[in-house]
Amino acid sequence: MAADAGYELLLANSLETVRRECFAAPGLTHSGVWLIPAVGRFDMGGRDFTCALDAFGKWHKFELDSDRGAICFTAEFMQTGFFNESTKAGTVGAGMLFSETIPPRPLAVRLRAMTAPNDNAFVNTISVGGQHVALTDSPDRLAFSLSSLAVRGKLRFDSSARYPRRALYLETLGSAHPVPRPGSQTPLGLSIAVRTPFMDQSEVSVYAWSGPTTRELLARLPVKDRVPYLHSFGVLRRAVLLPLQPLSVDMRPALFGTPLQGLMRELSVNTTFVVLPLAGGGTSLRTFNAGGRYFFTHVINTYEEGEGDAATLVFDACVSHLNPFHSTAIAIAAQRNKTRRDAGGAMMHARRFVIRIAGPRRGEVVSSLLSRAGREADFPQIDSRYRGRKHCIYWAVLWRADGVAYGAMAIDRTDVCRGKVTTWMRPASFPSEPTFLASGEEEGQGALLVTVLNGTSGRSSFLTLDATTMQPTLEVPLPVRIPFTTHGQWYPPGG
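A short tour of the structure in this document, coming up. (Residues numbered from 1 in each chain as written. Predicted model: local features only at pLDDT ≥ 70, side-chain atom pairs only at ≥ 80, totals over all residues. Heavy atoms only, no water.)

Topic: the state of the cysteines
- Applying the stated criterion across every chain, the model contains 2 disulfides.
- The disulfide partner of Cys392 is Cys417, and the S-S distance across this bridge is 2.0 Å. Around the S-S axis, the bridge from Cys392 to Cys417 shows a dihedral of about -85° and counts as left-handed. With Cys392 in the loop between β27 (376-382) and β28 (393-399) and Cys417 in the loop between β29 (410-415) and β30 (420-424), this pair connects stretches of sequence that are 25 residues apart.
- Cys392 sits in the buried class, given a relative accessible area of 16%.
- Once the disulfide-bonded cysteines of the protein are ranked by sequence position, their pairing pattern turns out to be 1-2, 3-4.
- Unpaired in terms of disulfides, Cys51 finds its nearest cysteine sulfur in Cys318, a separation of 19 Å.
- Cys51 sits in the buried class, given a relative accessible area of 1%.
- The thiol of Cys318 is not disulfide-bonded; the next cysteine sulfur, from Cys417, is found 17 Å away. (Disulfide = S-S within 2.5 Å. Helix = DSSP H or I, 4+ residues; strand = E, 2+ residues; numbered from the N terminus. Buried < 20%, exposed > 50% of the residue type's maximum accessible area, 1.4 Å probe, protein only.)

Spelled out as structure tokens, the structure:
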């Protein structure tokens, strides 16, 4: 059987919904809710999405009960304004897309992009102050109920002296990956605002997200040469690390309906690492040339190491030398075509950047490959207890796991301290990003939660892996197929 047989099903409609069906799951070690969003519909009313990141979002909720040895599963579409307006119109409605539909939406619909709901926020979720929030890289945040999965509407931050707004600056982008400051449970968020009316300069603001609608400004970075795009970023105790990619987002054409991919302009410069001090951090702003052109998707971890002249910052992330937001990895037609997807791709990989911050070699940046050569790696996870400090272990989803076929997928457990890789892989099986649940004192001791699409049966299953051996400990067949997934989050009882 081909390793990638049925891979195309990740990019095919899955219109079935499930209203809380329960299944026996003996041997569960944790109780709580695992929520993993996905895309479930790739067309509507004769119009096809062309980018996977534009398709209609769908919830997949797993309620784990270790005492009863049971899992209850729910699958339903996110009832967003974008989905509901499109359903009412009978076709893909107004909103900012990564790339235009085929055939294109009418000009009058595209011109409404900036004023449309723009709430198809299926990328990530978090809990803030008791409110569950769905996120994407837009400044808009969507409140929802974890129990019912009902969408409650957009959250608007309160006006407050703790977050002074800048005259003439308009918030246009955010980050789908808020990160708690080491030693704290309060997530740090990021906002990117452009200066109006010319939209030629920007500011990056970092804030503590203390409540559903409250935030406190911790730092601001004026950026005069671009409007950056930061899907994720690194967090230290006293600073954040912002990887400024060699691209700029020109928001002006968006006023006339141009999709996001058409707004991204690549720059002929190297990537720059900006270490931005947080309020009360007692450090100074520092910038470092990365020594090459790197594009970033997901940060693995960021931490400080060494003392005196040997002091360094270590920044681990999934990167590419090509812009992944313009690659075949998110193009639906290319992903459905084996020849095109095998030939293309951005060759995402895990890479370590060691930044010397003191001594005679201050400013030097040395990078090295962390993931296996010839494979693509993204959607990384670590033991969250090690966030902001030295870690050894990370897990990541692989493509080209056989070294040839893009759709040959796997999950690698990499121990960077010992140089050891342990892999879970099955033919024609396509895993989601794993979510790690700790169950011991040692780093990486616990379980991984994964969904797996079987390319031959066309169905998905819920899978748990021993996070050390990468051997399956439980598999529960599901009554639906789960397509391309994004970022799962674990919510313990009451979380």
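Quick look at the environment of Met78
- Relative to the elements of secondary structure, Met78 occurs in the loop between β7 (70-77) and α1 (81-89).
- Residue classification places Met78 among the buried positions, given a relative accessible area of 1%.
- As for Met78 and His60, which are separated by 18 residues in sequence, their C-alpha atoms are 9.9 Å apart.
- Here Met78 is in contact with Gly57, Lys58, Trp59, Phe83, Ala121, Phe122, Ala134 and Leu142, once residues within four sequence places are set aside. (Contact = heavy atoms within 4.5 Å.)

Observations concerning a nonpolar patch on the surface
- Among the surface-exposed residues, Leu107, Leu111, Met114, Leu255 and Phe256 lie close enough to one another that they form a single nonpolar patch of about 490 Å² accessible area.
- Within the fold, Phe256 resides in the loop between β19 (247-249) and β20 (264-266). (Patch = residues over 30% accessible without salt bridge, like charges linked within 9 Å, V, L, I, M, F, W, Y side chains within 5 Å. Areas by Shrake-Rupley, 256 points an atom, 1.4 Å probe, with all protein chains shown as cover. Salt bridge = Lys/Arg side-chain N within 4 Å of Asp/Glu carboxyl O.)

Considering the sheet that holds strand β21 (residues 272-277)
- On the basis of which strands lie adjacent, the open sheet formed by 4 strands has the order β17-β18-β21-β22 and antiparallel pairing. The open sheet has two edge strands, β17 (234-235) and β22 (286-289), and neither has a second partner.
- For β21 and β22, the ladder comprises 4 bridges, and the chain directions are antiparallel. Paired with Val274 across the strands is Thr287, a residue of β22. (Pairing = 2+ DSSP bridges.)

Topic: the packing of aromatic side chains
- Applying the stated criterion to the full structure yields 28 aromatic pairs.
- Ring plane angle 85° and centroid distance 5.5 Å describe the contact between Tyr7 and Phe430, whose orientation is recorded as edge-to-face. With a gap of 423 residues between them, Tyr7 in the segment before β1 (18-24) and Phe430 in strand β31 (residues 429-431) connect regions that are remote in the sequence. In terms of burial, Tyr7 and Phe430 fall into one category: buried.
- Chaining the aromatic ring pairs together yields one cluster made of Tyr7, Phe379, Trp399, Tyr406 and Phe430.
- Just above the ring of Tyr163 sits the side chain of Arg215; from NZ or CZ to the centre is 3.7 Å.
- When the ring centre of Phe42 is taken as reference, the NZ or CZ atom of Arg336 above it lies at 5.7 Å. (Phe/Tyr/Trp six-rings, centres within 6.5 Å; stacked < 30°, edge-to-face > 60°. Lys NZ or Arg CZ within 6 Å of the ring centre and 35° of its normal.)

Don't take any of this as a statement about function, it's just geometry.
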